[in-house]
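Chain and residue survey
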Amino acid sequence: MLTLYGSKNSGSAVVEAALARAGLAYTVLDAARWNPGPAYDELLRVNPLGQIPTLLLDDGTVLTESAAILIHLGLTATPGLLLPAEASARALAIRGLVYIAANCYAAISVIDYPERWCEPCDDATKAQIVAGTRARLHHHWGLFADAFERGFNADSPGALELLATVVSRWSGARSHLQAQRPAFHAQLLRVEQHPDVAQVFQRHWS
Ligand SMILES: N[C@@H](CCC(=O)N[C@@H](CS)C(=O)NCC(=O)O)C(=O)O
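Attention in this report is confined to the structure presented alongside it.

Reading guide: rules and limits
Residues numbered from 1 in each chain as written. Predicted model: local features only at pLDDT ≥ 70, side-chain atom pairs only at ≥ 80, totals over all residues. Helix = DSSP H or I, 4+ residues; strand = E, 2+ residues; numbered from the N terminus. Buried ≥ 20, exposed ≤ 12 C-beta atoms within 10 Å, placed from the backbone. Contact = placed C-beta atoms within 7 Å.

**Details of the environment of Leu24**
- With respect to the helices and strands, the residue Leu24 is situated in the loop between helix H1 (12–22) and strand S2 (26–30).
- Among the residues examined, Leu24 registers 13 C-beta atoms within 10 Å and is labelled partly exposed.
- Considering only alpha carbons, one finds Leu24 and Phe148, 124 residues apart in sequence, at a separation of 27 Å.
- Discounting residues that sit within four places of it in the chain, Leu24 has contacts with Leu2 and Leu19.

In structure tokens form, the structure reads like this:
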């Protein structure tokens, strides 16, 4: 049985959605930095960064980093389900997963914890970091839409569609996309409605 360290309304939603889509059994251990206690202590033991999603495989292997987790699930699930079977399309999907992790999810981490990125750090500096990172995040999403919209498959979502759907919910990215890239924004809404994942997303976001 796979164990997912996660929390409502967090990035663990994407791994739950991928597991649901692949029909893989898992249990969730409710753990997060903002919810200190024994479960968070256990998360810190397996992932010293204390970040979710963290996935514990059957053999005890610890997987962190949402893109790595999704690529692993894509390689082990039914071929073609979470990662495209065709090599060029798969390469593009892997590029997109790493793009989101490196350019969008990482920006969210700066916005959530600006004090980690300045020394010394006063409130004005933190506010400047947050404002600049948020603007850059929105720019990154616009470029993502331009590069990936054509191959985006909202009606049969794989790892890339699921990660884009979850990470774009944060820091005003959806409003930005709705205004600047409305067709791509509509695709994200369609992914949320897919019957394999709709319940997972409702549980996280209701
Ligand atoms: N690079 C990680 C980032 C994960 C991450 O930042 N998760 C957030 C929750 S959505 C978290 O646990 N933050 C707590 C922290 O950074 O201390 C990934 O791609 O999975």
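From this point, the narrative continues.
**Things to note about unusual backbone geometry**
- Omega for the peptide link from Ile52 to Pro53 comes to 5°, which places this bond in the cis form.
- You can see Pro53 is positioned in the loop between helix H2 (38–46) and strand S3 (54–56).
- The amide bond that connects Glu119 to the next residue, Pro120, takes the cis arrangement and shows omega of -5°.
- Residue placement: Pro120 occurs in the loop between helix H4 (87–112) and helix H5 (123–148).
- Look at Asn9: it is not a glycine, yet its phi comes out positive at around 65°.
- For Asn9, the position within the fold is in the loop between strand S1 (2–6) and H1.
- Its identity as a non-glycine residue notwithstanding, Glu65 has a phi of 75°, on the positive side.

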